[in-house]
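Here are the chains, one letter per residue:
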Amino acid sequence: MPRKLKEPVFDDDNPEWTEEDFARATYFDPPIKVKDLTPEILARIRRGPQKAPTKVAVSIRLSPEVISYFKAKGPGWQSKIDEALRKIAKKAS
């Protein structure tokens with residue numbers, strides 16, 4: 001039996017780029033095409049060391065109500081969830 005094709009997942013926090021998005025994107029100076037990027041150039045544009053303590057990447061399932069509540073608070077909603085959980089953990093210890 002053939003597998004069902006999965007419906008595409010649309011992410012409101014990270015929508016697909018439009019032509020306008022590409023037009024506003026930052027360009028290298030001097031301009032350079034992606035195909036011309038060399039390891040030496042990529043090494044120069046790497047991110048520096050983190051200034052704040054590193055967080056641990058995890059996957060967690062939350063109820064739709066929780067996600068809606070925090071997303072309604074605007075940008076930084078994941079950090080707000082982290083802050084709420086830290087407060088609970090501090091109270092419990």
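Located above this text is the structure these notes cover.
Residues numbered from 1 in each chain as written. Predicted model: local features only at pLDDT ≥ 70, side-chain atom pairs only at ≥ 80, totals over all residues. Heavy atoms only, no water.

Quick notes on the packing of aromatic side chains
Rule in force here: Only Phe, Tyr and Trp rings take part, Trp by its six-membered ring, and two of them pair if their centres are within 6.5 Å. Stacked means planes under 30 degrees apart, edge-to-face means over 60, and tilted covers everything else. Accessibility here uses a 1.4 Å probe with only protein chains present; expressed as a share of the type maximum, an area under 20% marks a residue as buried, one over 50% as exposed, and anything in between as partly exposed.
The full count for this structure, using the stated rule, is two aromatic pairs. Between Tyr-69 and Phe-70, the ring centres sit 5.0 Å apart and the planes meet at 90°, which makes this aromatic pair edge-to-face. For Tyr-69, a relative accessible area of 49% puts it in the partly exposed group. The exposure class assigned to Phe-70 is buried, which follows from its relative accessible area of 13%.

What about the pattern of salt bridges?
Note the cut-off: Salt-bridge detection follows one rule: a side-chain nitrogen of Lys or Arg within 4 Å of a carboxyl oxygen of Asp or Glu. A run of DSSP states H or I qualifies as a helix once it reaches four residues; a run of E qualifies as a strand once it reaches two. Both are numbered from the N-terminal end.
In the structure shown here, the tally under the stated rule is four salt bridges. Between Asp-82 and Lys-55 there is a salt bridge, and its shortest N-O distance comes to 3.6 Å. Separated by 27 residues along the polypeptide, Asp-82 in helix H4 (residues 77-92) and Lys-55 in the loop between helix H2 (39-44) and helix H3 (64-71) bring together distant segments of the chain. We classify Asp-82 as partly exposed; its relative accessible area is 27%. In this structure, the salt-bridge partner of Arg-86 is Asp-82, at a minimum N-O distance of 3.1 Å. Taken together, the positions of Arg-86 and Asp-82, both in helix H4 and four residues apart, correspond to about one turn of that helix. One connected set of salt bridges, linked through shared partners, spans Lys-55, Asp-82 and Arg-86.

A look at the layout of surface pockets
We count it as follows: Think of a 1 Å grid over just the protein atoms. A cavity is a set of points where a 1.4 Å probe fits yet cannot get out, a pocket is an open set with protein on both sides within 12 Å along at least five of seven lines, and lining residues have an atom within 4 Å of a point. Grid points are joined across faces, edges and corners, and a volume is the space filled by probe spheres set on the points. Ten residues, namely Ala, Val, Leu, Ile, Met, Phe, Trp, Tyr, Cys and Pro, are considered nonpolar, four, namely Asp, Glu, Lys and Arg, are considered charged, and the remaining ones, Gly among them, are considered polar.
Considering only enclosed or pocket space, the largest pocket measures out at about 450 Å³ in volume. Taken together, 14 residues make up the lining of the largest pocket; nearest its centre are Val-58, Ile-60, Gln-78, Ile-81 and Asp-82. Of the residues in the lining of the largest pocket, the class split is nine nonpolar, two polar and three charged.

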